[in-house]
Amino acid sequence: VPDALRREPGVTGLSGLGGQFADVNIRGIDGAGAVIVSVDGAEKNQVVQSHGVNQNPIYLTTGFLKQVTVARGPVSNTFGTGSVGGRVDFQTYDPADFLQGGGSFGGQIEAVDTSVGDGGGLTGIFAQRLNEQVEILFGVSYFEVGNYEDGDDVEVTNSDRSVAAGLFKLTYAA
C-alpha cells in the first residue's frame, strides 16, 4: 500500500509489523479515528493499538488495486465522522476490468523487483464470465524480500519479509 500512495502529495503509506499491513498518514495525521479508510466502498473499522497509537491496518497487495482516491482534510460533512485527516478509498479490480469486448476469459500477470534487499514478487489475476449474469475474479500474490544492508554495509536482521495474499470476487447481475 505505501507504493500505491507514493506519488500523492501530503500522503504517506506507513508499513506495519514486518510490512504485513499498512496505515495511511495524511498531512501528519494518521490512525483510526483520524483517517477514514475504505476498500471497495466498505469502511474499515478494525483498530489495532500499538504503543498507545491506534492504527487502522490495511491488508492489501498493491497488485490488486485498480484505483486509490484520496480526500485530504476534514471531510466528515460528506463521508461521516472520524475523518479529521481525510479519507482514502481503495478500489480493487473487478471481473469486468478483464472481460472487455465480449471475452469470456482474461487476466494479467505482474512481476516486481525490489532494490532494497534481494527479492521480488509475482501477482496473477484471472477473470471468467460463467454466463450472462455471473462473473468471477481470482487473484493470488506472493512477495518476498531478504534482509537489507544499512549505509555501513551491515545487514539489518529481521528486515526480511514474505507476504502471500489472495482476492476473490463474484459478481451477479440480475
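The structure this text deals with has already been given above.
It should be emphasised that the depicted structure is a prediction, and the values quoted were computed from it without experimental measurement.

About the criteria used
- Each chain carries its own residue numbering, running from 1 in the direction its sequence is written.
- The model is predicted, so local features are restricted to residues of pLDDT at least 70 and side-chain atom pairs to those at 80 or more, both for listing and for counting; the totals for chains, interfaces and linings are taken over all residues.
- Hydrogens and waters are ignored; side-chain quantities use all the structure's heavy atoms.
- Residues grouped as a nonpolar core are buried Ala, Val, Leu, Ile, Met, Phe, Trp, Tyr and Cys residues, joined through side-chain atoms within 4.5 Å.
- Relative accessibility under 20% of the residue-type maximum defines a buried residue, over 50% an exposed one, and the middle range a partly exposed one, all with a 1.4 Å probe and only protein chains included.
- In DSSP terms, a helix is any run of H or I states spanning at least four residues, a strand is any run of E spanning at least two, and both are numbered starting from the N terminus.
- Should DSSP find at least two bridges between two strands, the strands are taken to pair.
- Any Lys or Arg side-chain nitrogen located within 4 Å of an Asp or Glu carboxyl oxygen qualifies as a salt bridge.
- Two rings belonging to Phe, Tyr or Trp (six-membered ring only in the last case) form a pair when the distance between their centres is within 6.5 Å. Interplanar angles under 30 degrees mark stacking, angles over 60 mark edge-to-face geometry, and anything in between is tilted.
- Patch membership requires over 30% relative accessible area and the absence of a salt bridge. Like charges are linked within 9 Å, and nonpolar side chains (Val, Leu, Ile, Met, Phe, Trp, Tyr) within 5 Å.
- Areas reported as accessible are Shrake-Rupley estimates using a 1.4 Å probe. Residue values count occlusion only from the protein chains shown.

Student: Tell me about the nonpolar core, residues and numbers included.
Tutor: Nonpolar side chains in soluble globular proteins tend to end up buried together. Counting residues in each nonpolar core, the largest one holds 13 residues, and the members touching the most others are Val 24, Ile 26, Val 88 and Phe 90. Of all the secondary-structure elements, those providing two or more residues to this core are strand S2 (22-26), strand S4 (35-39), strand S8 (65-72) and strand S9 (86-92). Within the second largest apolar cluster, eight residues are counted, among which are Phe 64, Tyr 93, Ala 127 and Leu 167.

Student: Which residues make up the sheet that holds S4, and what values go with them?
Tutor: Taking strand neighbours across the sheet as the criterion, the four strands line up as S5-S4-S9-S8 in an open arrangement whose pairing is mixed. With partners counted over all chains shown, the strands left at the sheet margins are strand S5 (42-43) and S8, one partner each. Where S4 and S9 come together, five bridges link them in parallel fashion. Its bridge partner being in S9, Ser 38 is matched across the sheet by Asp 89.

Student: Quick one: what's the story with the pattern of salt bridges, residue by residue and with numbers?
Tutor: Under the defined criterion, the tally for this structure stands at six salt bridges. The shortest N-O distance in the salt bridge between Asp 94 and Lys 66 comes to 3.6 Å. With Asp 94 in the loop between S9 and strand S10 (105-113) and Lys 66 in strand S8, this residue pair connects regions lying 28 residues apart in the sequence. Overall, the relative accessible area of 24% leaves Asp 94 in the partly exposed class. Looking at Lys 66, the relative accessible area reads 32%, which means it is partly exposed. It is possible to trace a salt-bridge network through shared partners that takes in Asp 40, Lys 66, Asp 94, Asp 97 and Lys 169.

Student: Provide a residue-level description of the packing of aromatic side chains, including the pertinent values.
Tutor: If you walk through the whole model with that rule in mind, you get one aromatic pair. Ring geometry for Tyr 93 against Phe 98: centres 5.1 Å apart, planes inclined by 50°, an arrangement best described as tilted.

Student: Describe a nonpolar patch on the surface, with residues and values.
Tutor: Nonpolar side chains collect at one region of the surface, where Phe 105, Ile 109, Leu 122, Phe 126, Phe 138, Val 140, Phe 168, Leu 170 and Tyr 172 lie side by side and expose about 1000 Å² of accessible area between them. Elements with a minimum of two residues in the nonpolar patch: S10, strand S11 (119-129), strand S12 (134-145) and strand S13 (161-172). Counting residues per element, the nonpolar patch draws most heavily on S13, at three residues. Residue position: Phe 168 is located in strand S13. For Phe 168, a relative accessible area of 56% translates into the label exposed.

Purely geometric stuff here, so don't read any function into it on its own.
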